[in-house]
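Geometric and topological summary
The residues making up each chain are set out below.
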Protein chains: 2
Amino acid sequence: MQRIINNPDFVVEEYLEGFVKAHGDIVVPTSNPRVLAYREAPVKGKVGIVTGGGSGHKPAFTGYIGKNLVDAAAVGEIFSSPTAKSFYHAIKAADSGQGVAVLYGNYAGDNMNVAMAMEDAADDGIAVRTVVANDDVPSAPVSQREKRRGVAGEILMWKAGGAKAALGGTLDEVIAAAQKAIDNTRSVGIGLSPCTIPAVGKPNFSIEPGKMEFGIGHHGEPGISVQDIASADRMAEMALDTILPDLPFAGGDDVVVLVSGLGATPVMELYIFYRKIEQLLSDKGIRVHRSYVGNYFTSLDMMGITLTLMKLDDELRPLIDLEVYSVGLKQR
Amino acid sequence: MQRIINNPDFVVEEYLEGFVKAHGDIVVPTSNPRVLAYREAPVKGKVGIVTGGGSGHKPAFTGYIGKNLVDAAAVGEIFSSPTAKSFYHAIKAADSGQGVAVLYGNYAGDNMNVAMAMEDAADDGIAVRTVVANDDVPSAPVSQREKRRGVAGEILMWKAGGAKAALGGTLDEVIAAAQKAIDNTRSVGIGLSPCTIPAVGKPNFSIEPGKMEFGIGHHGEPGISVQDIASADRMAEMALDTILPDLPFAGGDDVVVLVSGLGATPVMELYIFYRKIEQLLSDKGIRVHRSYVGNYFTSLDMMGITLTLMKLDDELRPLIDLEVYSVGLKQR
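On a predicted model such as this, the values are computed, not experimentally measured, just so you know. As a convention, each chain's residues are numbered from 1 in the sequence order in which they are written. Throughout, the order in which chains and ligands are written sets their labels, letters from A for the former and numbers from 1 for the latter. Given that this is a predicted model, residues contribute local features only at a pLDDT of at least 70 and side-chain atom pairs are listed and counted only at 80 or more, while totals for whole chains, interfaces and linings are drawn from all residues. Side-chain figures throughout are based on the complete set of non-hydrogen atoms in the structure, without hydrogens or water.

Backbone hydrogen bonds hold the strands of a sheet together, and the pairing may be parallel or antiparallel. All names here are of chain B. When DSSP finds two or more bridges between two strands, those strands count as paired. Every helix listed is a DSSP run of H or I at least four residues long, and every strand listed is a run of E at least two residues long, numbered separately from the N terminus. Strands sit in the order S1-S2-S5-S3-S6-S7 across an open sheet of six strands; the sheet is mixed. Because the sheet does not close on itself, it has two edges, and the strands there are strand S1 (27-29) and strand S7 (128-133). Sheet twist, expressed as the average angle between the axes of neighbouring strands with direction ignored, equals 25 degrees. Here six bridges tie strand S6 (residues 100-105) to S7, and the two strands are oriented parallel to one another. Within the sheet, the bridge partner assigned to Val100 lies in S7 and is Val128. In this description, contact between two residues means that some pair of their heavy atoms is separated by no more than 4.5 Å. Structural elements are reduced to axes, namely lines fitted to C-alpha atoms, with helices fitted over the stretch in contact, and the angle between N-to-C directions of any two is expressed from 0 to 180 degrees. Across the face of the sheet, helix H2 (residues 84-94) comes into contact with strand S2 (35-38), strand S3 (48-55), strand S5 (72-78), S6 and S7 while running at roughly 150 degrees to S3. Relative to S7, helix H5 (residues 171-183) is tilted by about 5 degrees, and along the sheet it contacts S3, S6 and S7.

This is how it looks when you write it as structure tokens:
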């Protein structure tokens, strides 16, 4: 295993130590070693924003703690949900008395642990509501959206919810904005290599040389087809063919485009892919209001790419445009 | 080859197209398709900052175009110098009449092409001076620093030179600041896998499983030893043992630490490495004034890491601390 680690069982502890040392201007540790908080949290008079999830997706989740974004994040083991206690402590860290919005991805462990954390928070008199991201189109039919996984679209959900909270929204308003954000967002992933969890020491699935897995999940969940590696342009067409009819997006729409590498993809290639996405959208009369291209939501050392599109309206546009300052996303 | 490309011969053109589409708020194309400029360049009354180099190092070099940083960058083929004409056009794009500082890395092709570009610029009456980065410690003995390669330390050179220019420094003052920045900076790289140039289709060197190459260059130039992969903590010790005596750095120093992945390294592991770096520096009484941990200067899909340290003084500290806004580095 060609990796930069010490004891594979302690990678999460050790990355957190390094992360806090490196980014003390934005994040602070809490009494729970698996919870990091914004250094100004809880922000007085503001609804708190909490997220969390398994590790291995850097800069998600801790990298989105920051100004006008997430107030506290619960950190799980690699590809595993944080504990209920960690979600609870994150809620406590984010709460300034205005309530807390827990905005997270649709995975069984997270759903269970957030539900338990909410019970404990309710006992403390903290108002907590949730939005569960389900933007990964290939993971279930559109008629069963509630079964879909949350992937990189979560970032846009945090962006919208975080902005609404920063602008003084009530808990109900923050939840409504975050829910609209994810309802208007669709994603798809393409995997070109597996990834290796350090404590396992070998890939937990395989992608043969010359093949790609279309519709792959953020933890290597199986996609909808395995096929010969296509050109970047063809991958872009396939990705849009999957996403556009699902919402549907249509000519005249204003969208945000988020292209993320899955960890090992050269960033140059993300731009080659984005170039075609923008062309195809332009051909259809869909306008790109804002784009993000980079390693925004990864899967350890997986080679591959994800495409996320969000349809904007007059409520979402200023929320997406509000300045943010976090490790993973800085926008003026 | 598991990659997201179209024709391997056009990866640079296509990434540039995508890059300009994605980042039109910061960069603009110029009449030379291999030169990108800051959208406010040339900035009136300010010394221009130019850099350039081969492609494959994203976000270097175009990603450091931006506010208080680089005004124009010349873009070469993968791992190859930009042409003399491209450096010349970048100088023209950056020049507002106050002269231009070309701050680049020590490679034969770049040296030759910058020299030719300077002759053309001189014919136009543009004052141009250069600083050549040579921060890669293992690439030559300290007695022959002029032979050393420039690597990730270039970012800190651009940061210092760009800030000095933004603060109204003359060309001589900008050159002096950039020269001091690189004189105070040392780097070392560790490679855990080779990288593959798309047009070649296979790695141009090899690192056996279980081995690491200590002192590797940004294009896979041979390091000083090939040995069994060490723990992250041991890698950190080796890296500091190489860098610290070379300047030398000593207790009481104030430093900037830059840890960069080489492209395919999970970002989590950069933090595990940084954690130990910070501990070891702290043990020696060396204070980390500011740290950067992420994929700041990469080598396509190479797995590996680089460590860069810069010793600060009262002139460099405010230059490093000045706000910047570019694709690769945003700092408030």
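So, on to the relation of the copies chain A and chain B. Copy-to-copy superposition: least squares on the C-alpha atoms, limited to residues that have pLDDT of at least 70 in both copies. Relative to chain B, chain A is turned by 180 degrees and slid 0.0 Å along the rotation axis, the superposed coordinates differing by an RMSD of 0.0 Å. Considering both components of the superposition, the chain copies are consistent with a two-fold axis. In terms of proximity to the rotation axis, the leading residue of chain A is A:Ala264, whose C-alpha is 1.9 Å off the axis. When the interface residues of chain A are mapped onto chain B, 100% of them are again interface residues, pointing to one common binding face.

Residue and element names in this part refer to chain A. Each domain's extent is set by a domain assignment, obtained either automatically or from a database. What the domain assignment lists for chain A is domain 1 (8-184) and domain 2 (185-320). Distance from the C-alpha centre of domain 1 to the C-alpha centre of domain 2: 22 Å. Contacts between the two partners involve 39 residues from domain 1, matched on the other side by 39 residues from domain 2. Counting each side, the surface lost to burial between domain 1 and domain 2 is near 3300 Å², with a carbon and sulfur contribution of 64%. Buried area, as used here, totals the accessible surface that two parts lose on assembly, with accessibility defined by a 1.4 Å probe and the loss added over both. Looking at the side of domain 1 facing domain 2, the largest losses of area belong to Phe79, Leu156 and Asn184, adding up to 21% of the total buried there. Here, a salt bridge means any side-chain nitrogen of Lys or Arg that lies within 4 Å of a carboxyl oxygen of Asp or Glu. If you look at where domain 1 meets domain 2, you find four salt bridges. The partner of Glu315 in a salt bridge is Lys180, and the shortest N-O contact between them spans 2.8 Å. In the analysis that follows, any N or O atom pair within 3.5 Å is treated as a polar contact, provided that within protein one partner can donate a hydrogen and the other can accept it, and provided that, for residues neighboring in sequence, both atoms belong to side chains. On the surface where domain 1 and domain 2 come into contact, there are 16 residue pairs in polar contact (both at pLDDT 80 or more). Elements with a contribution of two residues or more to the side of domain 1 that touches domain 2: helix H4 (153-166) and helix H5 (171-183). For the side of domain 1 that touches domain 2, the element with the most residues is H4, which contributes nine residues.

In plain words, nonpolar cores are sets of buried Ala, Val, Leu, Ile, Met, Phe, Trp, Tyr and Cys residues tied together by side-chain atoms within 4.5 Å. Burial classification: accessible surface area is computed with a 1.4 Å probe over protein chains only, and a residue below 20% of its type maximum counts as buried, one above 50% as exposed, and the rest as partly exposed. Ranked by size, the top nonpolar core spans 206 residues in total, and within it A:Trp158, A:Leu307, B:Trp158 and B:Leu307 carry the most contacts. With sequence-adjacent residues up to four places away left out, B:Trp158 is seen in contact with B:Thr51, B:Ala60, B:Phe61, B:Tyr64, B:Leu69, B:Val70, B:Leu103, B:Ala163 and B:Phe297.

This next bit is on the UniProt feature "domain: DhaK" (unreviewed entry) in chain A. UniProt positions are given in the numbering used here, feature names are shortened, and annotations may be inferred rather than shown by experiment. Those places that UniProt annotates as "domain: DhaK" (unreviewed entry) correspond, in this numbering, to residues 7-329 of chain A. Here residues 7-329 of chain A runs as 31% helix and 24% strand, with 30 Å between its end C-alpha atoms.

Let us look at the sheet that holds strand S15 (residues 330-331) of chain A. All names here are of chain A. The antiparallel open sheet is built from three strands, whose spatial order is S4-S14-S15. The two strands at the open ends of the sheet, each matched to only one other strand, are strand S4 (66-67) and S15. Bridging between S4 and strand S14 (residues 324-326) involves two bridges; their strand directions are antiparallel. Considered in S14, the bridge of Gly66 is made with Ser326.

Opposite the 58 residues of chain A that make contact, chain B presents 58 residues. Regarding the contact of chain A and chain B, the summed buried area is about 4900 Å², with carbon and sulfur atoms giving 60% of it. When residues of chain A are sorted by the area they lose upon contact with chain B, A:Gln2, A:Ile4 and A:Met268 head the list and together hold 18% of the total. Our enumeration of links across chain A and chain B arrives at eight salt bridges. Salt-bridge contacts for A:Glu278 lead to B:Lys21; the nearest nitrogen and oxygen are separated by 2.6 Å. Viewed at the interface, chain B and chain A are joined by 28 residue pairs in polar contact (both at pLDDT 80 or more). Looking at the side of chain A that touches chain B, the elements with two or more residues in it are helix H1 (11-22), helix H6 (232-243), helix H7 (267-283), strand S12 (287-294), strand S13 (304-311) and S15 of chain A. Sorting elements by how many residues they give to the side of chain A that touches chain B places H7(A) first, with 10 residues. Gly falls in the polar group here, along with every residue not listed as nonpolar (Ala, Val, Leu, Ile, Met, Phe, Trp, Tyr, Cys, Pro) or charged (Asp, Glu, Lys, Arg). Counted by class, the side of chain A that touches chain B contains 28 nonpolar, 14 polar and 16 charged residues.

Residues and elements named next belong to chain B. Summarising the element assignment, Asp135 is placed in the loop between S7 and helix H4 (153-166). Note on charges: Lys and Arg go in the positive column, Asp and Glu in the negative column, and His and the chain ends are not counted at all. For the buried Asp135, which has no salt bridge, the nearest side chain bearing the opposite charge is Arg145, at an N-O separation of 8.0 Å. A polar contact is formed between the side chain of Asp135 and the backbone nitrogen of Gly153, at a distance of 2.7 Å. Those residues in contact with Asp135 that lie beyond four places of it in its chain are Arg149, Gly150, Val151, Ala152, Gly153, Glu154, Ile182, Thr185, Arg186 and Ser187.

This brings us to the pairing of strand S2 (residues 35-38) of chain A. A regular strand carries its side chains on alternate faces of the sheet. Residue and element names in this part refer to chain A. Here three bridges tie strand S1 (residues 27-29) to S2, and the two strands are oriented antiparallel to one another. Looking across to S2, one finds that Val27 is bridged to Tyr38. Between the end of S1 and the start of S2, which pair antiparallel, lie five residues.

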